[in-house]
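# Architecture and fold: a report
These are the residues of each chain, in order.
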Amino acid sequence: MKKRIALLGASGSIGRQTINVITQHPDLFELVSFGVGKNIDAARNILKQFDLPVFAVEREEDAELLAKEYPDKTVLCGEEGLLELARGDYDVLVNALVGFAGFAPTLAAIESDHEVALANKETLVCGGELINRALALHGKSLVPIDSEHSAIFQCLQGNRMRQLKRLIITASGGSFRNKTRDELQSVTVEEALAHPNWSMGAKITIDSATMMNKGFEVTEAHWLFNVPFEKIDVLMHPESIVHSMVEYVDQSVMAQLGSPDMRLPIQYALSWPNRLPLDEPPLDLAKVGTLHFSEPDLERFPLLGLAYEAGRKGGNLSAVMNAANEVANAAFRNHEIPFPMIETIVIGAVNEAPFEELNSVDDLIRANAWGDGYAREHVRKLN
Ligand code: MG
């Protein structure tokens with residue numbers, strides 16, 4: 001039986017690689033619906049490859065245009081369109097959306113008793129508590145696509161959670177890992193977008209340069225594996241070959257290694273517990289030669305420490321942090337603020353946010369709006 005896949009964020013980096021994985025295993029996987037943002041040419045290309053009855057785009061005017069081009073298809077649009085896809089008829093949702101926009105479709109998919117393969121880490125950073133509640137209610141679990149979490153997920157297979165000592169999430173340090181804080185003042189968007197190891201979307205590449213991404217991944221691991229923050233460590237590993245590790249009570253450390261190719265965690269999320277061939281050259285450790293590890297510097301990368309702090313305090317703070325980061329990250333990419341101002345804005349938002357418990361989706365929407373408003377105001381002040 002083929003696994004029927006709904007893919008949100010189909011035109012992005014993870015989306016395109018998901019389609020690549022589906023194409024390589026047509027006997028196992030079938031794309032049944034997809035959503036893209038503003039890139040409607042990507043939608044047209046996907047429809048050349050797959051004859052699908054339904055898809056979604058972001059803007060209404062694009063949906064109207066495409067409805068004329070494809071009169072036999074249902075063209076959905078906006079947030080409601082994504083929710084309709086998430087509630088639709090399929091087996092696994094691959095959520096490759098970027099940012100807070102990914103939360104509601106994840107929740108809708110779980111509430112419709114679907115499996116979710118999650119690349120959208122912001123879902124768990126913002127609303128991990130609400131997602132876990134829904135998962136428990138519907139007897140479902142999330143499968144990670146994020147490479148570090150996929151590595152941990154793989155290292156947990158065949159072991160017992162109660163014998164786990166800690167999770168060790170590896171970090172490359174991003175594009176500015178060799179720069180001092182002083183040197184960050186004058187870095188450009190182009191420099192920030194040149195990640196040393198991974199080819200990824202723009203938002204996450206900037207998040208890697210601030211290590212906000214690694215902070216998000218700590219929070220993501222906390223909710224995904226139900227492990228307290230004090231048992232989650234980050235280890236700098238510039239080669240990005242060891243994708244993460246799990247340490248057990250007998251001091252044994254399990255690691256998952258591979259080339260930096262996101263198709264492996266995507267494919268594993270769809271195939272596990274099975275493994276499938278991948279058209280990637282095998283990892284040649286003799287050629288790699290040496291692997292390096294070191295402690296992260298929380299003064300150099302304050303957003304990593306901030307994510308721990310927000311996560312430990314709980315409530316609305318991680319959602320506020322994420323919202324402020326979304327705005328600040330975009331403002332830097334739009335040349336509105338210098339790079340270090342991303343950190344200033346995100347730290348300010350978390351420190352100044354009034355603490356609130358997060359018990360409902362409405363609470364979450366309010367937390368997101370607070371962080372978003374705070375960051376927008378501070379970006380405006382600088383312009
Ligand atoms: Mg990652």
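That block above? That's the structure.
If you're wondering where the values come from, they're calculated on a predicted model, not measured in any experiment. (Residues numbered from 1 in each chain as written. Predicted model: local features only at pLDDT ≥ 70, side-chain atom pairs only at ≥ 80, totals over all residues. Heavy atoms only, no water.)

What follows deals with the overall build of the protein. The helix and strand tally for the protein stands at 16 helices and eleven strands. Taking 21 Å as the expected radius of gyration for a compact globule of 383 residues, we find that the protein reaches 20 Å, a close match to that expectation. Put simply, of all contacts in the protein between residues at least 6 apart along the chain, 68% involve residues at least 24 apart. Carbon and sulfur atoms make up 51% of the accessible area of the protein, which totals about 16600 Å². (Helix = DSSP H or I, 4+ residues; strand = E, 2+ residues; numbered from the N terminus. Rg over C-alpha atoms; globule rule 2.2 N^0.38 Å. Contact = heavy atoms within 4.5 Å. Areas by Shrake-Rupley, 256 points an atom, 1.4 Å probe, with all protein chains shown as cover.)

In space, the four strands of this open sheet follow the order S9-S8-S10-S11, with mixed pairing throughout. Pairing within the sheet leaves two strands with one partner each, and these edge strands are strand S9 (232-236) and strand S11 (253-257). Ignoring strand direction, the axes of neighbouring strands in this sheet form an average angle of 20 degrees. Here five bridges tie strand S8 (residues 164-171) to S9, and the two strands are oriented parallel to one another. Bridging from a neighbouring strand, Ile168 pairs with Asp233 of S9. Against the sheet, helix H7 (residues 147-156) engages S8, strand S10 (242-248) and S11, with an angle of about 40 degrees to S10. (Pairing = 2+ DSSP bridges. Axes fitted to C-alpha atoms, helices over the stretch in contact; angles between N-to-C directions.)

Scanning all chains against the criterion turns up nine aromatic pairs. Cation over ring: Arg300 sits above Phe301, and NZ or CZ is 4.2 Å from the ring centre. (Phe/Tyr/Trp six-rings, centres within 6.5 Å; stacked < 30°, edge-to-face > 60°. Lys NZ or Arg CZ within 6 Å of the ring centre and 35° of its normal.)

Cis geometry is adopted by the peptide bond preceding Pro273, which originates at Trp272 and carries an omega value of 0 degrees. Within the fold, Pro273 resides in the loop between helix H11 (263-271) and helix H12 (285-288). In the Ramachandran plot, Asn226 falls in the positive-phi region, its phi being about 55 degrees despite a non-glycine side chain. Within the secondary structure layout, Asn226 lies in the loop between helix H10 (212-225) and S9.

What follows covers the coordination of the magnesium ion. Octahedral metal centres with six donors ideally show angles of 90 or 180 degrees, and tetrahedral centres with four donors ideally show 109.5 degrees. Taken together, the protein donors to the magnesium ion comprise Asp146 (OD), Glu148 (OE) and Glu217 (OE), at separations of 2.1 Å. Taken in sequence order, the residues that donate to the magnesium ion follow the motif D-x1-E-x68-E. On the criterion of sequence distance, the pair formed by Asp146 in the loop between strand S7 (142-144) and H7 and Glu217 in helix H10 is long-range, its members being 71 residues apart. With a relative accessible area of 8%, Asp146 lands in the buried category. A residue is classified by how much of its surface remains accessible, and Glu217, at 1% relative accessible area, is buried. (Donors = N, O, S within 2.8 Å, 3.2 Å for Na, K, Ca; no water. Buried < 20%, exposed > 50% of the residue type's maximum accessible area, 1.4 Å probe, protein only.)

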